[in-house]
Structures are given as structure tokens and as C-alpha cells.
Amino acid sequence: MDSQSPADRLRMAFEMHEVGRRMYTQKLKRARSILTEPELRDELRRWLLNPPGAENGDYPGPRSHRRI
């Protein structure tokens, strides 16, 4: 049985998200060093909103049209 509480798992998910953001930002800085900070933020935002390989979300099935 999992010993982590739901709060611990949620905290871990947020930490993993932050690590992914930092890693992608570093990748952008290395690949496109001429980008300004606002341009980096825009590129990161585009990547977060339209992740490559998950255009319909990360669940294999029909796209949901629900708004959150």
C-alpha cells in the first residue's frame, strides 16, 4: 500500500512540474541563446500549452471539450 498521503503526492507532482519547466527552459537557453527572458517565457508557455506528442492531451482517446 502507498505510504504517501494525497497531499504528499500532490506536492511531488508540483515539484516534478517545476523541475520539467526548469529543464525545458535550460534546453531553450542552450539551443537558442539569443532569446530574451520574455521570449523564453513565451516559448515555455507555448510548450506547456501544446506539448509535442500530446496534442490531444496525454490520455489516448478522443479529445475532451470540457473547460476547466
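Here is what the cut-offs are and how they apply
Residues numbered from 1 in each chain as written. Predicted model: local features only at pLDDT ≥ 70, side-chain atom pairs only at ≥ 80, totals over all residues. Heavy atoms only, no water. Axes fitted to C-alpha atoms, helices over the stretch in contact; angles between N-to-C directions. Helix = DSSP H or I, 4+ residues; strand = E, 2+ residues; numbered from the N terminus. Parallel < 35°, antiparallel > 145°, perpendicular 65-115°, else oblique. Left-handed = near helix turned anticlockwise from the far one by under 90°. Contact = heavy atoms within 4.5 Å. Nonpolar A, V, L, I, M, F, W, Y, C, P; charged D, E, K, R; others polar. Expected span 1.5 Å × (residues − 1). Buried < 20%, exposed > 50% of the residue type's maximum accessible area, 1.4 Å probe, protein only. Phe/Tyr/Trp six-rings, centres within 6.5 Å; stacked < 30°, edge-to-face > 60°.

Draft legend 1. The arrangement of the packing of helix α1 (residues 6-31) against helix α2 (residues 37-49) in detail. Across the interface, α1 lies against α2 with an axial gap of 10 Å and an inter-helix angle of 125°. The orientation of α1 with respect to α2, classified from their angle, is oblique. In this structure, α1 meets α2 at a crossing whose hand is right-handed. Contacts between α1 and α2 involve His 17, Gly 20, Arg 21, Tyr 24, Thr 25, Leu 28 and Lys 29 on the former and, on the latter, Glu 37, Leu 40, Glu 43, Leu 44, Trp 47 and Leu 48. Taken together, the residues that form the contact of α1 with α2 break down as 6 nonpolar, 3 polar and 4 charged.

Draft legend 2. Structural view of α1. Between the first and last C-alpha of α1 there are 37 Å, a value that for 26 residues agrees with the 38 Å anticipated at 1.5 Å per step. Three or more residues of α1 are buried, namely Tyr 24, Thr 25 and Leu 28. Looking at the packing, one finds that the buried side of α1 touches α2.

Draft legend 3. Expanded view of the packing of aromatic side chains. Within this structure, the stated rule accounts for 1 aromatic pair. Taking 4.1 Å as the distance between ring centres and 5° as the angle between the ring planes, the aromatic pair formed by Tyr 24 and Trp 47 counts as stacked. Of this pair, Tyr 24 sits in helix α1 while Trp 47 sits in helix α2, and the two are 23 residues apart along the sequence. Assessed through its relative accessible area of 18%, Tyr 24 is described here as buried. Take Trp 47: its relative accessible area is 26%, and that puts it in the partly exposed class.

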